Amino acid sequence: MIETLLIVFIYLIPALIPLYVIVSAKPTGTDHYYHQLLIDSIRNNNHRFVKDLDNFIVNTYVYYPQLLHWILSFFPQDKSIKLGKYSIILFNLSSSLALFFFSTILFDYLNIELSQKEFLLLTGVIYALTPYNYDLENAKNLSVSARGLGLFLGQLNLYILLLFMLNDTGIYLYLGLSTVLLSLIMLSSQFAIQYILFSLPLLAIYYQNIFILLPFILALIFLKIFMPNIIGLSFKGQLNHKKIYFKYLANRFILKDRPSVWRDFVYDFWKTLREKNKSIPQKLGYIITNPVVVLISSIPFFLFILALILIQVTLGKKISFDIYILLGPIIISFGLFLIFCFRKLRFLGEPERYIEFSIGILSIITIILLHESPWLKIILIYSFTLIIIRYYIYIKTILKKRSNKLNGKIEILKNKLLSNIEKGEDIRLLCNGTQVSKIFFHPKIKQFWVTLNNLYTGPFHFNELFNESYHFINPKLILPLIKEFKYNYLLIDTNLLPDYIKYITTNEYRFDIVEEIDNFKLFKIC
C-alpha cells in the first residue's frame, strides 16, 4: 500500500511543484479581468452560458469556451478568480492521475520484462522529470486558464482511444466516453479544439480506422441540438479570430518577434547574440523559446524515441503491436509540430503545445524501449538539473519583479467610474490602449473593445483601427469613434500617445479632466 501511494505521489509532482508559484505570484497581466467579466456575466445570467457581453458596445457575442467560467460562476464573486487560479492545480492533478490509471490498465497489454510496480514507478519518474511540465510561461501553470482543462480532457480522450485500439471489444464504451469528452472539449478550450480538429483525421489515417472520427461527429450533433447558439457562435468566432490573426496580427506580433523558426539556426540566433542593445538574459530568452529548442531541451525523450524507432525500422526490425499503437499520438503530434513551425501557420499556436497532449504516452513508450538503457539515467539527470535551474531563475528574477503597479493605478480610475455609475450615470468609455482597456472590464461599464470575432467594428475595419499595433487604436479615429458610438468618457495613456492634444482638439466636444494619475488622463466628454 505504501509503495503504491509513493508511486502515485511521483505522478502528482508536476502538479504540486507549481503550487509554490501560484501561491507566490499575483495576477499581473490583464487577461484575468476578462475571465472575471465572463464569470460575473454567467452568474448574472442565472448560471447559464452567455451569448453576448453587453458591456462591449459592438461585436458583443461570446465565442470563448465557457465551461470553466460556468463552473466558477457558482462560487461567490470575491472567490471565483482565486479559485480559478487554483483550478489549474486540479487539472494538473487530474492529468497526472489519468496517466497513472491509464498506465495501470495498459500494463496488461504490454510485452515488457518489468513488474507492474516497476513499470508504473519508472513511467511516473519520466513524467515527473519532463521539464516541459514546469514551463512557467504556459498558461496551464499560472493564473486562470481553460487550457489546463482542455489539456486534461484531450489527454484523457487519447488514453481512451488507445485502449480501444488495443482491444476493440469495448466499442460502445469508447463511443460513449469519447463523445462526452469531445463535447466537453468543445465547451472548454480553443486550443484543445484545434488539437482535436487536426489530430483526429490524422489518427484515423494512421490507424486506418475511420470509426475514430465518429465520436467527434456525434459530439457536434449533440451540441448542435442542445446548445445550437453557443456552439455556432463559438465556431464562427474562432474562425474569424484565426482569419484576423492570419491576415493582420501574425505579422505584427508572432512573425515580428521571430521571423522564422528555422532561420533562427542559420541567422537570427547569431544576429541576436551580436546585438549590443540587448542584455544576456534577453538574448538567451530569444534562443531558448525557439520551438525546436524547447522540444529538444524540455521534452528530451521525444526526438530520441522517434530516432530510435526510425533506426529500428531502417534496420528491418519489426515493431510490436503495442508500440505501434502507442506511437500513433506521438508521431501525429510531431507531425503537427513540424507543420505549425512553418511561417504561415504559426498563428495557430506555439507548435510545442501540440506535443504536450502526448507527453504521458511518451513517458510510457520511453520505459518500454529504454528501461535497460544507460541513456535513461543520463537524460533524467539532465532533466532534473534543467528543472532546478529553471525554477531558481524564475524565483530569483521573474517572480520577484512581478508588480501590480499598473493595475493598481487603473483600478483607481475604474473605481471612480463605478462610483459615478452608483450615482446613476451611464458610462461609455473609450481608451486608446487595449491592455489598459481590459482592466476596465466590468458588467456595469460599457466600453470600446474589439473582440477579434469580426473584421468590422461598426463602420471601422480592423486594419483601420489598428493600423500600427494592436496595443493601441489609431489616434486619428478617436473623434470618429466618439461620434459613432456616443462615448462620454475618454482615457488616454500618454505613453502611447504623447501628442494626444491634437487628436482631441475639436469644436464639437469639450474634454474635461476628471482624474489624472501619472501617464493616465481620464476625460469627461461633454
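Since the structure is predicted, the reported quantities are computational estimates derived from the model, not experimental observations. (Residues numbered from 1 in each chain as written. Predicted model: local features only at pLDDT ≥ 70, side-chain atom pairs only at ≥ 80, totals over all residues. Heavy atoms only, no water.)

Draft legend 1. Layout of the overall build of the protein chain. Secondary structure summary: the protein chain contains 25 helices and seven strands in total. A globule of 526 residues ought to have a C-alpha radius of gyration of about 24 Å, and the protein chain, at 25 Å, matches this closely. Buried positions account for 55% of the 526 residues belonging to the protein chain. Considering only contacts in the protein chain between residues 6 or more positions apart, those separated by 24 or more positions represent 75%. Of the side-chain charges in the protein chain, 52 are positive and 35 negative, and the distance between the mean point of each set is 4 Å. (Helix = DSSP H or I, 4+ residues; strand = E, 2+ residues; numbered from the N terminus. Rg over C-alpha atoms; globule rule 2.2 N^0.38 Å. Buried < 20%, exposed > 50% of the residue type's maximum accessible area, 1.4 Å probe, protein only. Contact = heavy atoms within 4.5 Å. Lys, Arg positive; Asp, Glu negative; His and termini not counted. Charge placed at Lys NZ, Arg CZ, Asp CG, Glu CD.)

Draft legend 2. Quick peek at the packing of helix 6 (residues 116-128) against helix 19 (residues 359-370). Between helix 6 and helix 19, whose axes approach to 9 Å, the crossing angle comes to 130°. Classed by the angle they form, the pair helix 6 and helix 19 counts as oblique. Once helix 6 is placed against helix 19, the crossing between them reads as right-handed. Contacts from Phe119, Leu122, Thr123, Ile126 and Tyr127 in helix 6 reach Ile359, Gly360, Ser363, Ile364, Thr366, Ile367 and Ile368 in helix 19. Of the residues assigned to the contact of helix 6 with helix 19, the class counts are eight nonpolar, four polar and no charged. (Axes fitted to C-alpha atoms, helices over the stretch in contact; angles between N-to-C directions. Parallel < 35°, antiparallel > 145°, perpendicular 65-115°, else oblique. Left-handed = near helix turned anticlockwise from the far one by under 90°. Nonpolar A, V, L, I, M, F, W, Y, C, P; charged D, E, K, R; others polar.)

Draft legend 3. Representation of the packing of helix 10 (residues 214-226) against helix 11 (residues 228-252). Where helix 10 contacts helix 11, the axes come no closer than 5 Å and their chain directions differ by 120°. Judged on the interaxial angle alone, helix 11 and helix 10 are oblique. Touching Leu220, Leu223, Lys224, Ile225 and Phe226 of helix 10 are Pro228, Ile231 and Phe235, all from helix 11.

Draft legend 4. Summary view of the nonpolar core. Counting 99 residues, the largest nonpolar core has Phe119, Phe301 and Leu326 as its most contacted members. Per-element accounting of this core gives the leading share, 13 residues, to helix 7 (residues 147-166). Ignoring any residue separated from it by four or fewer positions in sequence, one finds Phe119 in contact with Ser103, Phe107, Leu110, Ile112, Leu114, Ile364, Ile367 and Ile368. One finds Ile42, Tyr248, Leu249 and Ile517 within the second-largest nonpolar core, a separate group that totals 61 residues. (Core = buried A, V, L, I, M, F, W, Y, C linked by side-chain atoms within 4.5 Å.)

Draft legend 5. Local environment of the packing of aromatic side chains. According to the stated counting rule, one finds 38 aromatic pairs in the structure shown. Pairing Phe304 with Trp375 gives two aromatic rings, centres 5.7 Å apart and planes at 50°, and the pair type is tilted. Taken together, the positions of Phe304 in helix 16 (residues 301-314) and Trp375 in helix 20 (residues 374-401) put the pair 71 residues apart, joining distant regions of the chain. We classify Trp375 as partly exposed; its relative accessible area is 46%. Ring plane angle 65° and centroid distance 4.8 Å describe the contact between Phe466 and Tyr470, whose orientation is recorded as edge-to-face. Here the aromatic cluster, defined as three or more aromatic residues joined through ring pairs, consists of Phe191, Tyr195, Phe198, Phe340, Tyr354 and Phe357. The aromatic ring of Tyr286 is capped on one face by Arg258, whose charged end is 4.2 Å from the ring centroid. (Phe/Tyr/Trp six-rings, centres within 6.5 Å; stacked < 30°, edge-to-face > 60°. Lys NZ or Arg CZ within 6 Å of the ring centre and 35° of its normal.)

Draft legend 6. Looking closely at the pattern of salt bridges. For the structure on display, the rule yields 11 salt bridges. A salt bridge links Arg353 to Glu350; the shortest N-O distance between them is 3.7 Å. (Salt bridge = Lys/Arg side-chain N within 4 Å of Asp/Glu carboxyl O.)

Draft legend 7. Structural detail: the sheet that holds strand 5 (residues 489-493). Spatial strand order, 2-1-5-7-6: five strands in an open sheet with mixed pairing. The open sheet has two free edges, formed respectively by strand 2 (446-447) and strand 6 (511-517), since each of these has just one partner strand. Taken strand by strand, helix 24 (residues 478-485) contacts strand 1 (428-431), strand 5, strand 6 and strand 7 (520-525), and its axis lies near 165° from that of strand 1. (Pairing = 2+ DSSP bridges.)

Draft legend 8. Quick look at the pairing of strand 1. Along strand 1, one buried face is formed by Arg428 and Leu430 and the opposite face, lined by Leu429 and Cys431, is buried too. Pairing geometry for strand 1 and strand 2, over two bridges, is parallel. Residue pairing across strands places Arg428 opposite Lys446, the latter belonging to strand 2. The β-α-β motif built from strand 1, the intervening helix 22 (residues 434-439) and the parallel element strand 2 has right-handed crossover chirality. Sheet analysis places strand 1 next to strand 5, joined by three bridges and oriented parallel. The residue of strand 5 that forms the bridge with Cys431 is Leu491. (Right-handed = clockwise from strand over helix to strand, strands pointing away.)

By themselves, these are just geometric observations and shouldn't be taken as functional.
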